[in-house]
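Structure at a glance
Here are the chains, one letter per residue:
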Amino acid sequence: MNIVQENIDKLNAKLKITLDPQDYKEKYDSALKTYRKQMNIPGFRPGAVPMGVVKKKVGRYLLAEEINKVLSDSIYNYINENEIDVLGTPLPLAEGEKGDWENPNSFEFEYELGLAPDFEVNVNTKDKIKYHIIKVDDKLIDGEVERMQKMYGSLADVEKSTEGDVLKGTFKELDEDGSIKDGGIENESSVGLNYIEGEKLKKQLTGISIGEKVTINPFEVTENHNEIGRILGITPEEVHDLSSDFEFEVKEIKHIESAEVNQEFFDKIYGEGNVKSIEEMQEKIKTQLESSYVQESDRMFMRDASDYFLGKYKLELPDEFLKRWIQKSSNSCV
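This structure is a prediction, so every number in the text was calculated from the model and none was measured.

Thresholds applied
Residues numbered from 1 in each chain as written. Predicted model: local features only at pLDDT ≥ 70, side-chain atom pairs only at ≥ 80, totals over all residues. Heavy atoms only, no water. Helix = DSSP H or I, 4+ residues; strand = E, 2+ residues; numbered from the N terminus. Rg over C-alpha atoms; globule rule 2.2 N^0.38 Å. Buried < 20%, exposed > 50% of the residue type's maximum accessible area, 1.4 Å probe, protein only. Contact = heavy atoms within 4.5 Å. Areas by Shrake-Rupley, 256 points an atom, 1.4 Å probe, with all protein chains shown as cover. Salt bridge = Lys/Arg side-chain N within 4 Å of Asp/Glu carboxyl O. Axes fitted to C-alpha atoms, helices over the stretch in contact; angles between N-to-C directions. Parallel < 35°, antiparallel > 145°, perpendicular 65-115°, else oblique. Left-handed = near helix turned anticlockwise from the far one by under 90°. Nonpolar A, V, L, I, M, F, W, Y, C, P; charged D, E, K, R; others polar. Arc of directions from axis to C-beta. Polar contact = N/O pair within 3.5 Å; in protein donor to acceptor, adjacent residues only side chain to side chain. Patch = residues over 30% accessible without salt bridge, like charges linked within 9 Å, V, L, I, M, F, W, Y side chains within 5 Å. Lys, Arg positive; Asp, Glu negative; His and termini not counted. Charge placed at Lys NZ, Arg CZ, Asp CG, Glu CD. Core = buried A, V, L, I, M, F, W, Y, C linked by side-chain atoms within 4.5 Å. Expected span 1.5 Å × (residues − 1). Bend = angle between axes of the 7 residues up to and from the residue. Phe/Tyr/Trp six-rings, centres within 6.5 Å; stacked < 30°, edge-to-face > 60°.

A closer look at the overall build of the protein
Counting secondary structure elements, the protein contains ten helices and nine strands. The C-alpha atoms of the protein give 31 Å as radius of gyration, which overshoots the globular expectation for 334 residues (20 Å, by more than 25%). For the protein, the spread of C-alpha atoms along the three principal axes comes to 75 × 75 × 50 Å. Counting only residues that meet the buried cut, the protein has 31% of its 334 residues in that class. Within the protein, contacts between residues separated by at least 24 positions form 67% of all contacts whose residues are at least 6 apart in sequence. Entry remark: accessible area of the protein is about 22,000 Å², with carbon and sulfur atoms responsible for 48%.

Take a look at the structure:
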């Protein structure tokens, strides 16, 4: 194996990698033998399929898999051993690939690298960055107590919805004229009033009774395609092409009865006997929130400090490389 680094400029470089058969052949042959043992083809005993047949069916796939492993390990080791500061990950160049996959011998590959710029940060008394302190007041503490009361509360069936209730019912897809669509989407599901993003729809569903029907645009419930998919019983991909309104018939209304603040409530949250009064609970909440907000303040400070010094030093970056890397990373996540 041979790896050569070619610096294009101070922010961009190429790695040219040459693989010889000895770099991958042993692992490739081992992968073929393993696959052969598992192969089951009519006319051949299990594990006795001719190697020529194995190579014809899966040879190229296994070869590519093993070579990719070798390349990945080699590039990682080269970057670490040579202490190269890179941004993102190396990107393969299609035009730099040379070799015969049908009759494997030597292969050549090229990768582009985005290099981190060299810089030195000098901090002095003129550099001022504000550290935000979030005060934990009684309103925040009381809000947390109320949240826990709902969390540890119970569900009760009611006839008419109020703020925060959960509505269960049937969603039926409508035609353009407002009638039920033949063969359209139909699903039994639930909607929590607290989680509806559209204020108009939230008001429309607050005060509604069992048996009532309303016309709903699913995107007024939420913009989250995964959640819309759950509500309608379809995939997030199908949500992309959705343009219909839906009839929603209320079948059940669940009201959350907040837990009573008593010893049983304290024991459920903090363990038996660890908290014995609302004052002790409030003090624990205050301590927890202060600790949490310190972490938030630290993160905000680090973000502001990064923005400040990036603006101060105006660092040059391998912009075109980073655009390609972000695009490739985004595509691989779809």
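Right, picking up where we left off after that structure.
A closer look at the pattern of salt bridges
Close approach of charged atoms allows side chains with opposite charge to pair. The full count for this structure, using the stated rule, is 20 salt bridges. Here E102 ties to R60 by a salt bridge, and the two come within 3.3 Å at their closest N and O atoms. Separated by 42 residues along the polypeptide, E102 in the loop between β3 (86–92) and β4 (107–115) and R60 in helix α2 (residues 51–81) bring together distant segments of the chain. Owing to a relative accessible area of 56%, E102 belongs among the exposed residues under this scheme. Judged by its relative accessible area of 47%, R60 falls in the partly exposed class. One salt bridge connects K69 with E66, and the closest N-O pair in it is separated by 3.6 Å. Taken as a pair, K69 and E66 lie in helix α2 at a separation of three residues, close to a single helical turn.

Let's talk about the packing of helix α1 (residues 21–38) against α2
Two elements in contact, α1 and α2, have axes whose closest approach is 9 Å; the angle formed by their N-to-C orientations is 135°. Relative to α2, α1 is oriented oblique. The element α1 and its partner α2 pack so that their crossing is right-handed. Contacts between α1 and α2 pair D23, Y24, K27, Y28, A31, L32, K33, Y35 and R36 from the former with M51, V54, K55, V58, G59, L62, L63, E66, I67 and V70 from the latter. Taken together, the residues of the contact of α1 with α2 sort by class into twelve nonpolar, one polar and six charged.

Description of helix α8 (residues 263–270)
At 3.6 residues per turn, the α-helix brings residues three or four places apart onto the same side. Inspection of α8 places F265, F266 and Y270 among the buried residues, and these make up the whole buried set. Viewed end-on, α8 has its buried residues packed into an arc of 100°, placing them on one side of the element. Buried residues in α8 make contact with α3 (138–151) and α9 (278–313). Structurally, the start of α8 carries an N-cap: the backbone nitrogen of E264 is 3.2 Å from a side-chain oxygen of N262. Just beyond α8, the residue with positive phi is G271, at close to 95°.

As for a negative patch on the surface
A cluster of like negative charges, contributed by D137, D138, D142 and E146, occupies part of the molecular surface. Turning to its location among the elements, D137 is positioned in the loop between β4 and α3.

What to know about the nonpolar core
Generally speaking, a soluble globular protein has its nonpolar side chains buried in company with each other. In this structure, I67 and F109 are the most contacted members of the largest nonpolar core, which totals 29 residues. Elements that contribute at least two residues to this core include exactly β2 (12–19), α1, α2 and β4. Here this core gets ten residues from one element, more than from any other, and that element is α2. Ignoring sequence-local partners within four residues, the contact set of F109 consists of L15, K16, I17, L19, I67, L71, G96, E97 and W101.

Section: α2
Taking 1.5 Å of rise per residue, 31 residues should cover 45 Å, yet α2 covers just 39 Å from first to last C-alpha, more than 12% shy of that figure. Largest kink in α2: about 70°, centred on V58. Trailing α2 by a residue or two, E83 shows a phi angle of about 50°, which is positive.

Considerations on the packing of aromatic side chains
By convention here, two paired aromatic rings are described through the distance between centres and the angle between planes. Using the criterion set out here, one finds nine aromatic pairs in the structure. Summarising the aromatic geometry, the rings of F107 and F109 are spaced 6.1 Å apart at their centres and angled 20° between planes, so their arrangement reads as stacked. The exposure class of F107 is buried, given its relative accessible area of 0%. Residue F109 is classed as buried on the basis of its relative accessible area, which comes to 7%. Ring centres of F265 and F266 lie 6.2 Å apart, and the angle between their planes is 45°; this geometry places the pair in the tilted category.

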